[in-house]
Amino acid sequence: MSEMKKLFVTFSIVFLCALNFLNGQEAPSKEYKSNYEQVMARTKWWRQARFGMFIHFGAYAVPARGEWVKSNERLTTEQYQKYIDAFNPVDFDAKVWAKTAKKAGMKYAVLTAKHHDGFCMFDSKLTDYKLSNQFGGRDLVREFLDAFRAEGIKVGLYYSIIDWHHPDYPNVGNHPQRDDKEYAKRTFNWDNYLKYMHGQVEELVKNYGKLDIMWFDYSFGEYSGEKWKAKELVKMVRKYQPEIIIDNRLATNEGSSSKLRMINTLGDFETPEQGIPDAPLVDKYGNPIPWETCLTLNGVWGYNEFDHNWKSPELIVHCLVNCVSKNGNLLLNVGPDARGNIPVECVEILTEVGNWLERNGESIYGCGSSDLVKPDWGRYTQKGNMIYAHWLYPNLGQLNAKGINGENVKNVTLLKSGAELPHKKTWWGNSETGNYFITGSSTNDKPVKYDAVIKIELKK
Ligand code: GLC
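First, a word on what this report is: a plain description of the structure on this page. (Residues numbered from 1 in each chain as written. Predicted model: local features only at pLDDT ≥ 70, side-chain atom pairs only at ≥ 80, totals over all residues. Heavy atoms only, no water.)

1. Some details on the overall build of the chain
And then number 1: Helices and strands together make up the secondary structure of the chain, namely 12 helices and 13 strands.
And then number 2: For the chain, the C-alpha radius of gyration of 25 Å lies close to 23 Å, the compact-globule estimate for 460 residues.
And then number 3: Counting only C-alpha atoms and orienting by the principal axes, one finds that the chain spans roughly 75 × 75 × 40 Å.
And then number 4: Evaluated residue by residue, the chain yields a buried proportion of 54% over its 460 residues.
And then number 5: The contacts of the chain with a sequence gap of at least 6 include a subset with a gap of at least 24, amounting to 71%.
And then number 6: When the accessible surface of the chain is summed, it comes to about 21400 Å², and 53% of that surface belongs to carbon and sulfur atoms.
And then number 7: Of the charged side chains in the chain, 58 are positive and 56 negative, and the gap between their average positions amounts to 5 Å. (Helix = DSSP H or I, 4+ residues; strand = E, 2+ residues; numbered from the N terminus. Rg over C-alpha atoms; globule rule 2.2 N^0.38 Å. Buried < 20%, exposed > 50% of the residue type's maximum accessible area, 1.4 Å probe, protein only. Contact = heavy atoms within 4.5 Å. Areas by Shrake-Rupley, 256 points an atom, 1.4 Å probe, with all protein chains shown as cover. Lys, Arg positive; Asp, Glu negative; His and termini not counted. Charge placed at Lys NZ, Arg CZ, Asp CG, Glu CD.)

This is the structure in structure tokens:
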């Protein structure tokens, strides 16, 4: 080959690689593929479960101003102690919580074993800063796990890698003493803290039977990944719990846009908080990434006596549908009060959501996104040849399930009752290709509260 030719070939290869890279189409490595497959296999049950209960429970229920009270009000550990002393959840009954979750149609639950305040809800041998010491030796985490498992609900634990109580945890980030110059003069032995934190996680994964989920919270700035010795931590967790799935907060997330997003080796799923992505999350190669929106029922995670800004059951149903229509899960939070009761308002909302799910769960569990374009009147979910049209928003006249090929439709029914729904072309829609009109109601109102699900069964 002449020099010129060689130069031309080299140039073309470099050019094509660069083009592919810019398009985000470079091929995933073998390691990436194999990790991706493992993540998808591990999360399979979870991606079908779709709806879970988050429980933020701790001594912060006493001041009742949310779980960040120690940080927000710059309280010292001494000042916070009165809340620890007063924390006596006499009404706590894990079985009641588990029944509430079950009735709500939730398939998994995640409880705070330790939140940022460092107070342990489990009987850790590595500290005296724990509920069991003042709760007749009872291990609240164990009672939670037993009760939820007994209801057939998968179980997970939230563990804060941040610790506002441990003497070796520096006053960084949102630490309550972040502005305290005297406090900053102390010596903090980071390795000592890591030993404690890894040790506690080991207690949880070793001594409490099979855990389905580990929910670490959270990384920030340089406190990310290897700062926590995250690889070693994950390895240890998986040693005891080979099937466990782990959230993505052991490291800050670089890939918040689909151009960069990757599945990493530290976590199985992404955790958007208090919001729902516009579209399914995919990695930079276009593969779906497991994700879960975590959401409060009012405005805070921990119990707040003065926050009555409850979301309506309708909004919760819509959020759940919205998540599933984009291949995501919803982890819905309750913050029990200092006596251990889930607020009545929460129970009422959850009961309503559960009632809806009882009739319409088929369109949620095991479902994911559909290729049809997001309609004005709601969302689609899909499972194989079943398309579920969720009529959420006010609509005039018939519902256009645009993109459905009428030739390919076997049946159209209202999921709630199984009744056939008529579908016919309108005179004005005839000219448009791809229209598929369904009569969902005799009026302009949806025939089912919150979300009328229309099941479109396609021929196989
Ligand atoms: C945030 C908050 C925390 C809450 C969590 C739930 O990280 O710090 O209070 O537990 O989100 O996702």
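Text resumes after the structure shown.
2. Structural notes on the site of the ligand
And then number 1: Surrounding the ligand, one finds 14 residues, the nearest of these being His56, Glu67, His115, His116 and Asp217.
And then number 2: Here an oxygen atom of the ligand sits 2.5 Å away from a polar atom, N or O, in the side chain of glutamate 67.
And then number 3: A distance of 2.8 Å separates an oxygen atom of the ligand from a polar side-chain atom of histidine 116.
And then number 4: In the shell around the ligand, the residues fall into 7 nonpolar, 3 polar and 4 charged. (Near = heavy atom within 4 Å. Polar contact = N/O pair within 3.5 Å; in protein donor to acceptor, adjacent residues only side chain to side chain. Nonpolar A, V, L, I, M, F, W, Y, C, P; charged D, E, K, R; others polar.)

3. Thoughts on the packing of aromatic side chains
And then number 1: The tally for this structure, following the rule as stated, stands at 29 aromatic pairs.
And then number 2: Residues phenylalanine 92 and tryptophan 97 carry aromatic rings whose centres are separated by 4.9 Å and whose planes lie at 80 degrees to one another, so their mutual orientation is edge-to-face.
And then number 3: On the basis of relative accessibility, which here comes to 4%, the residue phenylalanine 92 falls in the buried class.
And then number 4: Of note, lysine 107 hangs over the ring of tyrosine 365, and the distance from its end group to the ring centre comes to 4.5 Å.
And then number 5: The ring of tryptophan 190 is capped by lysine 227, whose NZ or CZ atom sits 5.1 Å from the centre of that ring. (Phe/Tyr/Trp six-rings, centres within 6.5 Å; stacked < 30°, edge-to-face > 60°. Lys NZ or Arg CZ within 6 Å of the ring centre and 35° of its normal.)

4. Section: unusual backbone geometry
And then number 1: A cis amide bond links aspartate 217 to the next residue, tyrosine 218, at an omega of -15 degrees.
And then number 2: Of note, tyrosine 218 is situated in the loop between strand 4 (213-217) and helix 10 (230-240).
And then number 3: Even without being a glycine, alanine 64 presents a positive backbone phi close to 60 degrees.
And then number 4: Looking at the element boundaries, alanine 64 is found in the loop between strand 1 (51-55) and helix 4 (69-72).
And then number 5: For alanine 64, a relative accessible area of 7% puts it in the buried group.
And then number 6: Its identity as a non-glycine residue notwithstanding, asparagine 327 has a phi of 70 degrees, on the positive side.
And then number 7: Looking at where asparagine 327 falls in the secondary structure, it is placed in the loop between helix 11 (313-324) and strand 7 (328-334).

5. Some words on the packing of helix 6 (residues 94-103) against helix 7 (residues 140-150)
And then number 1: Packing of helix 6 against helix 7 brings their axes to within 8 Å, and their N-to-C directions diverge by 40 degrees. What the angle tells us is that helix 6 and helix 7 run oblique. Handedness of the crossing formed by helix 6 with helix 7: right-handed. For the pair helix 6 and helix 7, the contacting residues are Ala94, Lys95, Trp97, Ala98 and Ala101 in the first and Glu143, Phe144, Ala147 and Phe148 in the second. (Axes fitted to C-alpha atoms, helices over the stretch in contact; angles between N-to-C directions. Parallel < 35°, antiparallel > 145°, perpendicular 65-115°, else oblique. Left-handed = near helix turned anticlockwise from the far one by under 90°.)

6. So, the pairing of strand 2 (residues 108-114)
And then number 1: For strand 2, a buried count of 7 out of 7 residues is recorded, marking the element as mostly surrounded by other parts of the structure.
And then number 2: Of the strand pairs in this sheet, strand 1 and strand 2 are connected by 4 bridges, and their pairing is parallel. Bridging across to strand 2, glycine 52 finds its partner in tyrosine 108.
And then number 3: Here strand 2 runs beside strand 3 (residues 154-160); their pairing, made up of 6 bridges, is parallel. Residue pairing for strand 3: lysine 114 is matched across the bridge by tyrosine 159.
And then number 4: Taken together, strand 2, helix 7 and strand 3 form a β-α-β motif whose crossover is right-handed. (Pairing = 2+ DSSP bridges. Right-handed = clockwise from strand over helix to strand, strands pointing away.)

Any link to function would need more than the numbers given here.
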